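# Commentary on secondary and tertiary structure
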Amino acid sequence: MVMVARKFNPRFSAQVSPIFVHHNLVDRLTDKNDLLAVSGAFRYKFTRSVAVTAEYIAPVTLYARDMRQYYNVLAVGFDIETGGHVFQVFVTNGYSINDAIMEQLIMIDAAYRASAKRVTAVCPFYGYARQDRKAAGREPITARVVADMFKAAGSKRMVSVDLHSGQIQGIFEGPVDHLTAMPVLEKYLRENGREGMVIVSPDTGRVKVAERFAQHLGDMSADVAFVYKRREKTTVNVATAKEVIGDVEGRLCVLTDDMIDTAGTIVSAAELLIARGAKEVWAMATHGVLSDPAIQRLQKSPISRVVLPNTIPLPKEKRIDRIEVLSVAKIIAAALAAVFAETR
């Protein structure tokens with residue numbers, strides 16, 4: 001099923017149910033100059049929040065049928081003529097990374113075969129981003145495999161937020177709009193932080209990001225520190241914090257990272273900061289993957305606040321009191337507005 005509201009008219013949105021639209025409305029409301037924001041089953045609410053943020057982007061969704069009812073085959077189709085439209089396909093890797101990627105690839109192919117003018121894949125969180133190189137012999141570079149699949153399906157452009165490393169942009173043959181959630185996180189710290197806080201990188205790889213963060217908060221006398229950590233070769237997703245470089249005693253420390261997966265790195269760093277005299281520790285990350293046992297670790301950790309943008313849906317069972325979720329809808333909507341203006 002498809003929900004379409006032409007250039008977001010409140011008169012129509014009041015008449016249309018969240019998921020389903022009568023087919024006669026579809027013919028009446030579509031236009032070749034419209035931008036259609038198409039969502040799969042994983043991120044409908046997020047897509048709608050992005051769509052209504054940009055004044056002329058209509059809240060449009062393609063509702064993918066429940067895969068379990070079709071013997072694990074995802075059935076997707078468009079009930080409208082799509083020639084001349086620009087499709088923005090929204091799916092992020094939610095409860096199952098592989099199901100979400102397959103759903104998005106199938107939707108891209110459906111839009112491409114329906115004669116869409118251009119298909120742009122919007123992936124707030126790019127799955128398999130950490131597998132962007134061969135860390136050892138005979139390992140795959142899965143980030144490249146996923147990029148090739150998007151191209152083969154018919155996507156000409158990629159929009160993503162805070163890729164694990166900037167070099168991933170070079171994997172794609174088409175344009176990549178690499179957005180950052182820093183403005184949202186920075187605004188939160190301005191409203192809730194304190195003078196003299198310390199922006200802490202949990203490892204040496206994020207020091208430049210921490211420095212940039214502190215520079216933006218220079219009027220609040222923000223400082224920078226980083227944690228030296230070590231990963232054992234025989235273990236996966238296990239890191240041990242060894243020492244803190246920087247003055248953290250008696251201050252609010254804000255750990256910043258691109259993602260929190262099992263929370264081993266962030267919790268280990270927080271415990272070391274408290275041991276070195278930090279008064280309070282917060283954690284911020286763009287992507288809250290929160291694989292088990294992340295929630296259990298965070299609940300037992302000295303971290304008092306965990307701030308996460310909504311690039312990945314947070315299940316109810318993982319919504320603990322210390323986690324606060326921020327919206328990146330405005331950032332993505334602004335990017336889509338700029339992309340649409342170029343091709344309109």
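Residues numbered from 1 in each chain as written. Predicted model: local features only at pLDDT ≥ 70, side-chain atom pairs only at ≥ 80, totals over all residues. Heavy atoms only, no water.

This part takes up the pairing of strand β5 (residues 118-123). Across the six residues of β5, six count as buried, placing the element largely inside the fold. Burial along β5 is two-sided: the face carrying Arg118, Thr120 and Val122 and the face carrying Val119, Ala121 and Cys123 are both buried. In terms of strand pairing, β5 meets strand β6 (residues 157-161) through four bridges, oriented parallel. Following the sheet pairing, Cys123 is matched in β6 by Ser160. Following the chain from β5 across helix α5 (residues 142-153) to the adjacent parallel β6, one finds a crossover that is right-handed. (Buried < 20%, exposed > 50% of the residue type's maximum accessible area, 1.4 Å probe, protein only. Helix = DSSP H or I, 4+ residues; strand = E, 2+ residues; numbered from the N terminus. Pairing = 2+ DSSP bridges. Right-handed = clockwise from strand over helix to strand, strands pointing away.)

To continue, consider the nonpolar core. Counting residues in each nonpolar core, the largest one holds 34 residues, and the members touching the most others are Leu189, Ile199, Phe213, Leu217, Val254, Met284 and Ile332. When residues of this core are traced back to their parent elements, those giving at least two are α3 (44-53), β6, α6 (182-192), α7 (207-216), β11 (252-260), β12 (280-288) and α10 (329-343). With six residues, α10 is the single largest residue contributor to this core. By size, the runner-up hydrophobic cluster in this structure holds 30 residues, among which are Val267, Ala285, Leu314 and Ile323. (Core = buried A, V, L, I, M, F, W, Y, C linked by side-chain atoms within 4.5 Å.)

Another point: the pattern of salt bridges. Overall, the coordinates contain twelve salt bridges when judged by the stated rule. Among the ionic pairs, Arg194 bridges to Glu280, the shortest N-O distance being 2.3 Å. Here Glu280 lies in strand β12 and Arg194 lies in the loop between α6 and β8 (198-201), a separation of 86 residues in the sequence. Between Arg276 and Glu243 there is a salt bridge; the shortest N-O distance is 2.9 Å. Taken as a pair, Arg276 in the loop between α8 (264-275) and β12 and Glu243 in strand β10 (residues 239-245) lie far apart in primary sequence, 33 residues in all. For Arg276, a relative accessible area of 35% puts it in the partly exposed group. (Salt bridge = Lys/Arg side-chain N within 4 Å of Asp/Glu carboxyl O.)

This model, assessed by the stated rule, comprises two aromatic pairs. Residues Tyr126 and Phe172 carry aromatic rings whose centres are separated by 5.5 Å and whose planes lie at 70 degrees to one another, so their mutual orientation is edge-to-face. In this pair, Tyr126 is assigned in the loop between β5 and α5 and Phe172 in the loop between β6 and β7 (176-179), connecting sequence segments 46 residues apart. Considered together, Tyr126 and Phe172 belong to a single accessibility category, that of buried residues. (Phe/Tyr/Trp six-rings, centres within 6.5 Å; stacked < 30°, edge-to-face > 60°.)

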